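For reference, the chains in residue letters:
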Amino acid sequence: MLKDKKFLRSIKSNLLDFDSVKHTNSTCPSCSGLLTYSQVWTHAVPLAATHVGPFDEFGWSIGECKVCNTEFLVDVVNPDFSDFISGARKVRFILEDGASEADLRFVSCSLRLEDSLDKNLDMNKRSYVYNYEGRSLYECGNCSAGLDQQVYGALLGVFERLRDGSYSYLNWSMKSGGLDPEYIISRLPIVCGCGASLVAYVGKPYSQDHNFAASDFSILNVVGSKKLHDAMKPGIYSKDQVMEWLYKLLPRWTVLFDTIYLMVPFVGHLYMKPEQVVSVWEALISRVDTKKVRLVTKKDQINIFKRAYREHYKVDYSQLEKLKLSPELVNGAVVNSKFHAKVYAASSLFGCEVYSGSANLLTGPSKEVMHFSEISQSDFESSFLKPLGVSAVVPDHAQVKYSFLLDFENDFSAFDRRSTIYSEGYYSLIMHDALP
Ligand SMILES: [Zn+2]
Ligand SMILES: [Zn+2]
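Residues numbered from 1 in each chain as written. Chains lettered and ligands numbered in written order. Predicted model: local features only at pLDDT ≥ 70, side-chain atom pairs only at ≥ 80, totals over all residues.

1. Remarks on the sheet that holds strand β2 (residues 34-39)
And then number 1: Strand order in the open sheet made by the 4 strands is β7-β2-β1-β9, with antiparallel pairing throughout. If you trace the sheet from one side to the other, it starts and ends with β7 (83-86) and β9 (114-118), each paired once. Along the sheet, successive strands turn relative to each other by an average axial angle of 35°, direction set aside.
And then number 2: In this structure, β2 lies alongside β7, joined through 3 bridges in antiparallel fashion. Each residue of the ladder has a partner; that of Tyr37, found in β7, is Phe84. (Pairing = 2+ DSSP bridges. Helix = DSSP H or I, 4+ residues; strand = E, 2+ residues; numbered from the N terminus. Axes fitted to C-alpha atoms, helices over the stretch in contact; angles between N-to-C directions.)

Here you go:
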């Protein structure tokens, strides 16, 4: 019975491996409208002392463009569970095994999707990988001990419970539909070696893929730690150290502030190999919400990146642009060829954090001078934006955005009354531990 196709088909929905879901972007063969379709694979599931599956079938999904109503088909695995996420609606599907003569004739003479690119190449994908081994960004407000590794230890100790909480939230949200949350945020009380009690907030962008590790979470803030300008004192640091701190700041800035400004003449340098240029850009892009960032750089930097991308991935960058897989950060960059200042900053009505000095976006041992300061938004705009002719970004507060909070003190439950937090509450929660 366990090998019987009819039986396997009847229980196929229980064999689906949600971690295998793959999204592909493509364009309508008639009007070139953008569309995305999904595929999902099955895996083996234990059943009465043995296991059943995997059971994958090939076939075709037939869709209709939402713009021009043209019908087309696309080759997919498990067409019974493949769907159109956007741009088209599913009309029907055909399984290759058992397809009728008429179906096969239909398949051979129908329009097909071309120009498909796996969303794995999607440069808008996010990652908050945090270097917990490096020099701490957060230090105890009482004894000045570095806290980053201690936060990581606390995170590892509860990680399975945190993942379970996150997983039950995912299951619930997939059934209930609606808008995805922005971030998974966790609240972790820690006790420093000196006896001081602190509260760490860590977070990562929400995704439906649950194959994440503890190091994918970045520290967003530690309540009770020293002010950042006391931990990152003005001084001379290696490029490596400057970049490490910047990479630690970017997730904090993305969650807590309205706009991030990256004003830097050079991203990488002239003699880097294509993969090195691409990796500098990817490390940057993956840590920010590209809708929130204004990048100001020299014009040739963008072209160098696009060329490196083509050489490294063997995919033309214009193809990514066409399929909306290229980052808004690159597409929306402001070009200015007459500046030498390097300014990395986050801005909101409640204030700005500004990390500035001599370091371009580039790793290496050579030394740079850097300062970290907190100033008001009006001072930031008049002292840093105006001289470069950069206009302030008007933040988009219209859309309701929310995250879910997995709190140590609630045993990481995703369904507590304070598990859903709205974007206007992020700052007071994470900076001051003001629980809703
Ligand atoms: Zn169309
Ligand atoms: Zn301490």
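2. Observations regarding the domain arrangement of the chain
A common way to state how big an interface is: give the accessible area lost once the parts meet.
And then number 1: One can read the domain layout of the chain as domain 1 (5-121) and domain 2 (148-430).
And then number 2: On the side of domain 2, 11 residues touch domain 1, which itself brings 9 residues to the contact.
And then number 3: Within the residue set of the side of domain 1 that touches domain 2, elements represented by two or more residues are β1 (22-27) and β9.
And then number 4: Here the side of domain 1 that touches domain 2 is built from residues that sort into 4 nonpolar, 2 polar and 3 charged. (Domains from an automatic or database assignment. Contact = placed C-beta atoms within 7 Å. Nonpolar A, V, L, I, M, F, W, Y, C, P; charged D, E, K, R; others polar.)

3. Focus: the packing of helix α7 (residues 274-286) against helix α8 (residues 299-313)
And then number 1: Between α7 and α8, the shortest axis-to-axis distance is 8 Å and the interhelical angle comes to 115°. Here the hand of the crossing between α7 and α8 comes out left-handed. Contacts from Pro274, Glu275, Val277, Val278 and Trp281 in α7 reach Ile304, Phe305, Ala308, Tyr309, Glu311 and His312 in α8.
And then number 2: Residues of the contact of α7 with α8, tallied by class, amount to 8 nonpolar, 1 polar and 2 charged. (Left-handed = near helix turned anticlockwise from the far one by under 90°.)

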